[in-house]
Amino acid sequence: MPVPDIPHDQVRAVARRLLASRDVVVTSHITPDADGIGTAIALIRALRSLGKRARMISCSTAPKEVSFLWRPGEFEVWQQDIHAPQLKDADVIVATDLGGTHRLGRMEVPVREAPGSKIVIDHHAYAEELFDTPLVVMGASSSAEVVSWVLDELGVPISPEIATPLYAGLAADTGWFAYDATSCRALTLAARLVAAGALPNVIWRELECKKSILKMRVFGELLANLKVEHAGRLVHVKVDRQFLKKHQVEPRDTFEVVNHFMRMDGVEAGALFLQLGSDKTKVSVRSAGRIDLLPLAKSFGGGGHRFAVGFTADHIAFDEITSRVLPVLAREIEVADEAEKQATIA
Ligand SMILES: [Mn+2]
């Protein structure tokens, strides 16, 4: 994938707005991951170093493994009575790594109604009409990379306290520097963050090596339940509420399996179907790099990246959801095969 240019005008517009601010609320997506938390925390530390009032308010709790990224007082979970007035008082609201306005969860309406100006810093594709100052760079390795441009424009030096959360976001979102978006520029940023004090091994151990035995067993069972179709090219697994109840786990504990679909030889696409309600399913899909998944995601009102998308399918029975998604993927595999065949003949 070509490395996207840095949109300097937009970076400057975001920096100008932040420099003029006095009271900033930073937020990220529901169940924030390392990139969501890392960018938000790095940003509030940078803004505080400039003398701004800045706080991170999340619409939901975060997974345990990312909790090392904040110190007490830096991460707050939305409480209507406390945070609604703060949101109203903020002159700037920043969402990082959002990936869709609905991913503001219970903060979507309060953010929409807040009078402050609204910035989004992201690398996902979606309609971002909520934000007056968007900085969305599709194809950037991570929101951490995009935020690093803003920090440079702000003139904030990269301290160890800023380097660590940014490195966590960058490393996690590039699959530890392996995915398609791992550009020379992303690796250069990684080196810069390490030079500034980020400790790669410590961060990797925090994010990747603190899984419970229970979570590993659940993961093993999901792999054992994996269905393989289309001559080994298409894999999928369904997680229903009974499964969650039986193992006493939350939906988020099952998500990681999607990162392993593409490790299997010959697999072109993989999907996780996670039951949220009787007719509500969270679907996460991964592509090995030949199938663009964004049209599928958008047809369900979701988004993401070309080769990694997510969406929530509403008003479709859990039993029927696979038959709505898998044939689309099977057809896309055939289209990609045919295109490749034509290219070889030509
Ligand atoms: Mn991200």
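Residues numbered from 1 in each chain as written. Predicted model: local features only at pLDDT ≥ 70, side-chain atom pairs only at ≥ 80, totals over all residues.

**Considerations on the overall build of the chain**
Selection criterion: Strands are runs of DSSP state E lasting at least two residues, helices are runs of H or I lasting at least four, and both sets are numbered from the N terminus onward. The size measure is the radius of gyration over C-alpha atoms, and the globule rule it meets is 2.2 Å times the number of residues to the 0.38 power. For the purpose of contact definition, each residue receives a C-beta atom placed from its backbone, and two residues are in contact when these atoms lie within 7 Å.
Of the regular secondary structure elements, the chain holds 12 helices and 12 strands. The globule rule puts the C-alpha radius of gyration for 346 residues at 20 Å, and the 20 Å found for the chain is close to it. Taken over the C-alpha atoms alone, the chain extends approximately 60 × 50 × 40 Å along its principal axes. Considering only contacts within the chain whose residues lie at least 6 apart along the sequence, 67% involve residues at least 24 apart.

**A word on the domain arrangement of the chain**
The parts lose accessible area when they come together, and the size of an interface is often stated as this lost area. Here is the rule we go by: For every domain, the bounds stem from an assignment made automatically or drawn from a database.
If you check the domain split of the chain, you get domain 1 (8-208) and domain 2 (213-345). Averaged C-alpha coordinates put domain 1 and domain 2 at centres separated by 27 Å. Opposite the 8 residues of domain 1 that make contact, domain 2 presents 8 residues.

**Some words on unusual backbone geometry**
Its identity as a non-glycine residue notwithstanding, Thr31 has a phi of 45°, on the positive side. By the element assignment, Thr31 lies in the loop between strand E1 (23-27) and helix H2 (34-49). One non-glycine residue, Gln248, lies in positive phi territory at about 55°. Position of Gln248 relative to the elements: it lies in the loop between helix H10 (241-247) and strand E9 (269-277).

**A few points about the environment of Lys227**
Going by this rule: Whether a residue is buried, exposed or partly exposed follows from its count of other C-beta atoms within 10 Å of its own C-beta, namely 20 or more, 12 or fewer, or something in between, respectively; the C-beta atoms are built from the backbone.
By the element assignment, Lys227 lies in strand E7 (residues 227-229). Judged by local crowding, Lys227 falls into the exposed class, with 12 C-beta atoms found within 10 Å. Excluding its chain neighbours within four sequence positions, the residues that come into contact with Lys227 are Val235, His236 and Val237.

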